[in-house]
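Listed below are the residues making up each chain.
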Amino acid sequence: MVKDMMQLASYMEGSNMKKLFIFIRLVIFFTIMFALIIVLGKVFTPKWKNGTLSEMDGQDYTINGYYELPENSIDVLFLGDSSIYKGVSPMEIYEQTGITSYNYSVSSARIYLLYYILEDAYKYQKPKVIMIDPLTLFYTEKEVEGERRKSFDYMKFGKTKYEMINDDFFEFDLKEKLSYYFPLFRYHSRWNEISMSNVKRTFGSYHSITKGYIMSTKINPRYTGFNYMNPSNKKVVMKDYTKKYLDMFVKFCKDNDIDLVFLGIPDTRAWGYEQNEELKKLVNEYNVKYLDLNNDSYGLDFTTDTEDKGIHLNLKGAIKITNEVTKYLRNNYNFKDHRNDNEYQKWNEDLIKYNKLKETRLKELDYKIENKIYDVKKKTTTTKNIKDKH
């Protein structure tokens, strides 16, 4: 009897050990599979380049470059769409004042996307001023998938990203939600587009010497100046959902003692007198500020300073815009000058590299202007056919 009991105990112990080994193997297998899905998702996700020659061109650099900044080292944060990331150069501001800033802007961003970007960005930096593109309030249609993913794909996973993916506003089904959690499910078909340079970029440093600014050397003149600001019969529509997320955005800024400034950068296609007047009403309603640069008071020249007939600015235009932003920050705030701070010596090193790059790009632009070599804008698509051209 005792012998039988011992045999039974030995059998059960062996059986339990076998089950334990199977369980451990399964845990290891699924852990490896999960890690592969995460890693391959990073590799396969498009870099979302913006069409310039810069190595740092791409939403991957913009967003990951922000995460690589030393914690709480930024005084001013710029948020918006392509008008901002091609129109404001933080290193120009730093060179003149020692004020640190970052250009965290995403192509075709709407205010509801910027709200979540702001909430996530504030976990890593505590800017005292946020300057935002007001154009983000006046889009009348939701963005297509490719534009939306520029905001989602490189945001770190956490509470904010989880809330964004599950926001009922986006109306994602389960499959779409999974594709935002695990990008490999969306981009697996790009396997034949992946190169070694892509892999190196994915796991390399995203340190940005331009601090998120995209330096454009394209030129395509506009000859009618600021006439887009003349009164017209155009109707301005602000969606109800825009108002909802604007309320949330303003509340977040006020709750965290952040000065909110709308920054009006010239955009001849999407901006005009009517939007400007509507924005002034919002500025009064929310008791925020507005720096309006849709005028000819600071020497912006649409025949030399724009890459696409006034929709976006090139390097020359960005320098002029940034000079005005710098004056505004200097005159309205008392930021510390960081240029002689030991903790900010990396900024001084980046400034040297930035100025060398700027000098080269300005020579290229001057040559184009002198010889009337213009960049005709090609038609692009931002559809569900997502590709990465590099």
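Structure: above.
The following paragraphs examine the structure supplied in this document. (Residues numbered from 1 in each chain as written. Predicted model: local features only at pLDDT ≥ 70, side-chain atom pairs only at ≥ 80, totals over all residues. Heavy atoms only, no water.)

## Considerations on the side chain of Glu324
Next, step 1: In this fold, Glu324 is placed in helix 13 (residues 315-332).
Next, step 2: When near neighbours in sequence (up to four residues on either side) are disregarded, Glu324 contacts Leu291, Leu293 and Tyr298. (Helix = DSSP H or I, 4+ residues; strand = E, 2+ residues; numbered from the N terminus. Contact = heavy atoms within 4.5 Å.)

## Here we look at the nonpolar core
Next, step 1: Counting 92 residues, the largest nonpolar core has Tyr104, Met131, Phe249, Leu263, Val325 and Leu329 as its most contacted members.
Next, step 2: Considering every element that reaches this core, the biggest residue donor is helix 5 (residues 111-121), with nine residues.
Next, step 3: Not counting residues up to four positions away in its chain, the partners in contact with Met131 are Val76, Leu77, Phe78, Leu79, Val261, Leu263, Leu291, Val325, Tyr328 and Leu329. (Core = buried A, V, L, I, M, F, W, Y, C linked by side-chain atoms within 4.5 Å. Buried < 20%, exposed > 50% of the residue type's maximum accessible area, 1.4 Å probe, protein only.)

## A closer look at the sheet that holds strand 5 (residues 289-292)
Next, step 1: Across the sheet, which stays open at both edges, the five strands sit in the order 2-1-3-4-5 with parallel pairing between neighbours. Of all strands in the sheet, those bounded by a partner on one side alone are strand 2 (101-105) and strand 5. Geometrically, the sheet is characterised by an average inter-axis angle of 25° between neighbouring strands, direction not taken into account.
Next, step 2: Pairing geometry for strand 4 (residues 259-264) and strand 5, over four bridges, is parallel. Across the sheet, the residue bridging to Phe262 is Tyr290, located in strand 5.
Next, step 3: Docked against the sheet, helix 11 (residues 240-255) engages strand 1 (76-80), strand 3 (129-132) and strand 4, running at close to 130° with respect to strand 4. (Pairing = 2+ DSSP bridges. Axes fitted to C-alpha atoms, helices over the stretch in contact; angles between N-to-C directions.)

This is a description of form; function is not addressed.
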